[in-house]
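Residue strings, one per chain:
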Amino acid sequence: NVLEYEPEKLCTIKGISLSKAKAMSANFRRQAGMRRLIEFLASANIRPVIALRMYQYYGDDALQLVQDNPYILVSDAIGATFQEADALALGHGFDDQSAERVAAATLYELAYNAVRGHCFISYRNLLAATSQLSGVPDELVAESVDTLVQSGELVRERVAGCDGCYLARLHEAEAYTAERLLAMTQTEYRRMPDTEQIAARIEAQLGLTFADQQKETLRLACQHQVIAITGGPGTGKTTSIRAILALFDVLKLDTQLAAPTGRAAKRMSELCSREAQTIHRALGMSYNELTGQTAFKKNAQDPLEVHAVIVDEMSMVDIELMRSLLEALRPGS
C-alpha cells in the first residue's frame, strides 16, 4: 500500500529521495496494474499479449476501461477476437443485447471481411452476418449501424449500385486513392521527347524489337503521370517495364522499382538488372510488435526522393498500402 499509494513515506528510509520513491512507486504501479489486468483477462482465457497491448495503449486506465466495456478489446489497436471479448463480457454479467456488444460484433464483421480483401460489404449482408455472429435480431444491428455511422466509426454509402458499409479507415483510404489517381490521370506533360528515336535506342540497348503497343506504352509513360499495364503471362509486361525504365534513364529521371512482396521485388531486380524493394521497405516501414501497428517514415511531409515509381504485381497491393504509397509520392512524380 505504501509503494502504491503513499510513496513519500519511503523517504524515511535512509538513501531514498522523494524522486527515487516516486520512480519506485510508478514502477510498482505499472507492474501491479499489468498483473491485475492479466489476471482479469485470464478469467476468460484471453491471451496475455492482448493484456500487454491493452496496457501499452491505455496505461493505468486499462483495467477500469475493460471492466466497463470488455468489447473495447475488439478494437483495431488491441486485436482480440469478438469471441474472446464476448466470453469475458457475458461472464461478467453483460446483457447479450447490449449496445456495446452489438457494436463490437458489427465492427468485427467488417474487420473480418477486410482481412479477406473486402473494403466494404453490403448493408444487407452486414446485418445478416452480425446477427448470426451475435444472435441478436437484425433490427438491433440496424440500430447499431446507425449509431456507428453517427460516431464516425463506420461509413455507409452507395457504391456501384450497392448499399455499402465501410470501416472508416478503409473508406478514407479508398477515397484518397481514387481522388489522387483521378488527379494524376488528368495531368499531361506537354514537352514530349522524340519517343520514336528513344525507342530505337532502347531496342538496340536491350537487343529487342518492340511491338507497336509497347512503343505506344513508352509514349504514354512520357505523356501521362500515371499509367497501368495489364495482360496475361507472356504478353510483354516485363519487357514494357524494362523499356520504361530505360526511357526514364534517358530522360534522367530517378526511378524507384517496387513490388508488394519480397519474392516479387527479387524477381523484378533480376529482370531489370536494378535494385527493387518491397513497397514497405521503400516507405521505411516500422512495426510495433506489441500493438501490431505499422507506420511509414515516408509520407506527404517526407516524400520519396524520386521522380518516378514503377510497381510490379500491383493487383496484390491492398488499399491502405496503396494509400500510403500515393501519399509518399511528390506531387509531380
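What you see is a predicted model, and the numbers here were worked out from it, not measured in a lab.

The rules behind these values
Residues numbered from 1 in each chain as written. Predicted model: local features only at pLDDT ≥ 70, side-chain atom pairs only at ≥ 80, totals over all residues. Heavy atoms only, no water. Helix = DSSP H or I, 4+ residues; strand = E, 2+ residues; numbered from the N terminus. Polar contact = N/O pair within 3.5 Å; in protein donor to acceptor, adjacent residues only side chain to side chain. Contact = heavy atoms within 4.5 Å. Buried < 20%, exposed > 50% of the residue type's maximum accessible area, 1.4 Å probe, protein only. Pairing = 2+ DSSP bridges. Axes fitted to C-alpha atoms, helices over the stretch in contact; angles between N-to-C directions.

Caption draft 1: Expanded view of the side chain of S134. Looking at where S134 falls in the secondary structure, it is placed in helix α7 (residues 123-134). Polar side-chain contacts of S134 include one of 2.7 Å to the backbone oxygen of T130. If near-sequence neighbours (up to four positions away) are discounted, S134 is found in contact with R101 and A105.

Caption draft 2: A look at the side chain of Q225. Looking at the secondary structure, you find Q225 in the loop between α11 (212-223) and α12 (237-250). Taking the relative accessible area as the measure of exposure, Q225 reaches 12% and is therefore buried. A distance of 3.2 Å separates the side chain of Q225 from the side chain of T187, its partner in a polar contact. A polar contact is formed between the side chain of Q225 and the backbone oxygen of S333, at a distance of 2.8 Å. In this structure Q225 touches M184, T187, Y189, P331, G332 and S333, once residues within four positions along its chain are discounted.

Caption draft 3: Examining the sheet that holds strand β5 (residues 276-278) more closely. With respect to topology, three strands assemble into an open sheet ordered β5-β4-β8, the strand pairing being parallel. Unpaired on one side and paired on the other, β5 and β8 (308-311) mark the two borders of the sheet. On average, adjacent strands in this sheet sit at an angle of 35 degrees to one another, irrespective of strand direction. With three bridges joining them, strand β4 (residues 255-259) and β5 adopt parallel strand pairing. From the neighbouring strand, A259 faces β5, where its bridge partner is T278. Sheet strands touched by α12: β4 and β8. Its angle to β8, the strand with the most contacts, is close to 170 degrees.

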